[in-house]
Amino acid sequence: MDTKQLITEMKGHRTDDAQAMSAYLRNQFPFLGLKSVARRNIAKPYFKEAKQEARALSKVNPDTPIIDWNFVQECWQQEEREFQYVATDYLNDMQTYLKKDDINHLKKLITTKSWWDSVDALVKRVGYLQTQYPELKETIIEWSVSDDLWLRRVAIIHQLSMKEATDTQLLTRTIMNNLGSNEFFINKAIGWALRDYARINEEWVKNFLRQYQTELAPLSIREASKHINM
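Conventions and cut-offs
- Residues numbered from 1 in each chain as written.
- Predicted model: local features only at pLDDT ≥ 70, side-chain atom pairs only at ≥ 80, totals over all residues.
- Heavy atoms only, no water.
- Helix = DSSP H or I, 4+ residues; strand = E, 2+ residues; numbered from the N terminus.
- Polar contact = N/O pair within 3.5 Å; in protein donor to acceptor, adjacent residues only side chain to side chain.
- Contact = heavy atoms within 4.5 Å.
- Core = buried A, V, L, I, M, F, W, Y, C linked by side-chain atoms within 4.5 Å.
- Buried < 20%, exposed > 50% of the residue type's maximum accessible area, 1.4 Å probe, protein only.
- Phe/Tyr/Trp six-rings, centres within 6.5 Å; stacked < 30°, edge-to-face > 60°.
- Lys NZ or Arg CZ within 6 Å of the ring centre and 35° of its normal.
- Arc of directions from axis to C-beta.
- Expected span 1.5 Å × (residues − 1).
- Bend = angle between axes of the 7 residues up to and from the residue.
- Salt bridge = Lys/Arg side-chain N within 4 Å of Asp/Glu carboxyl O.

(A) Examining the side chain of S118 more closely. When you line up the elements, S118 lands in helix α7 (residues 116-132). Only 2.9 Å separates the side chain of S118 from the side chain of R81, close enough to count as a polar contact. Setting aside anything within four residues of it in sequence, one finds S118 in contact with W76, R81, T88 and K113.

Have a look at this one:
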């Protein structure tokens, strides 16, 4: 995959939407002004090539590292925010090639140029690794008490959409490790994780809310109970 060519092509498609897109994220990052459809259309042939190479390499040796972390880092180092989105799109497409030790790469991305947009785009990659390598649950628990709020957020919501496969003990542990937090993104995450699981097991979530109602932040309770008749 020609990283430099992809970067050049994307920069050649700047639009007047850049300022508004930057303002949406509180002007923390400059943008090219590329909406998601345009960005993905540009990256599509590059990712197609990457997946073809990945399939060929994995046939020769299934243990061969496939993920191009140099590409991911190059994207992360670019100023414009769309390049971080390209990196997360790439990791989404290449998810099945993630290996246990890649959790360290994901941690670096989560804690670099951090905001909800890039962090939440990596959540399911972390969830995938945790299900493939159950021993990573200890890492998730460590993240849930980290000084970095984004690692704590990921620990809480990494099981989103796992439905019946949700580990309720792990969910409980990561939430309880963050009770009493004043951080908006943490309390929002707690509510989000509970609301998501309520689609599968509403009674479990109701009981959890009743048991910890005096310790949960009002925001967490509101988010968790949006679709629940308490």
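Alright, that's what it looks like, and here's the rest.
(B) A look at the nonpolar core. Counting 74 residues, the largest nonpolar core has F71, Y90, L91, I110 and W143 as the members making the most contacts within it. Once residues lying within four places of it in the same chain are set aside, the contact partners of Y90 are M1, F47, A50, I66, I67, D68, F71 and V72.

(C) Focus on the packing of aromatic side chains. The full count for this structure, using the stated rule, is 12 aromatic pairs. Here the aromatic rings of F208 and Y212 are separated by 4.7 Å at their centres, their planes lie at 45°, and the arrangement is tilted. Through successive ring pairs, a cluster of aromatic residues spans W115, W150, F184 and F185. Across the ring face of F29, the terminal group of R81 is positioned such that the distance to the ring centre comes to 3.7 Å.

(D) Structural context of the environment of A193. Structurally, the position occupied by A193 is in helix α11 (residues 184-198). Contact partners of A193, with chain neighbours within four places excluded, come to I156, I157, L160 and L171.

(E) How the structure looks around helix α12 (residues 202-211). Among the residues making up α12, those that are buried are V205, K206, F208 and L209. The buried side chains of α12 occupy one side of the element, clustering within an arc of 160° when seen end-on. Against the buried residues of α12 lie α10 (168-176), α11 and α13 (218-224).

(F) Layout of helix α3 (residues 36-60). With 25 residues, α3 ought to run about 36 Å at 1.5 Å a step, and its terminal C-alpha atoms sit 34 Å apart, in line with that. Of all the bends in α3, the greatest, near 40°, is centred on K44, and the proline P45 appears no more than four residues after it. Buried within α3 are the following residues: R39, I42, A43, Y46, F47, A50 and A54. The inward-facing, buried residues of α3 abut α1 (3-11), α4 (69-77) and α5 (81-93).

(G) Spotlight on the environment of S36. If you trace the backbone, S36 turns up in helix α3. For S36, a relative accessible area of 33% gives the class partly exposed. Measuring from C-alpha to C-alpha, the distance between S36 and V86 comes to 9.4 Å, with 50 residues separating the pair along the chain.

(H) Just the pattern of salt bridges, in detail. Considering all chains together, one arrives at 15 salt bridges under this definition. D89 is paired through a salt bridge with R39; the nearest N and O atoms lie 3.0 Å apart. You can see D89 sitting in helix α5 and its partner R39 sitting in helix α3, a full 50 residues away along the chain. The pair D89 / R39 is uniform in exposure class, with both members buried. One connected set of salt bridges, linked through shared partners, spans K188, R195, E223 and K226.

(I) Representation of the environment of M176. With respect to the secondary-structure elements, M176 resides in helix α10. Since its relative accessible area comes to 38%, M176 is described here as partly exposed. Sequence-wise, M176 and K206 are 30 residues apart; in three dimensions their C-alpha atoms are separated by 16 Å.

(J) Representation of unusual backbone geometry in the model. In this structure, S161 is a non-glycine residue whose phi angle is positive, near 70°. Positive phi values are uncommon outside glycine, yet K163 reaches one of about 55°. With relative accessibility at 48%, the residue K163 sits in the partly exposed group.

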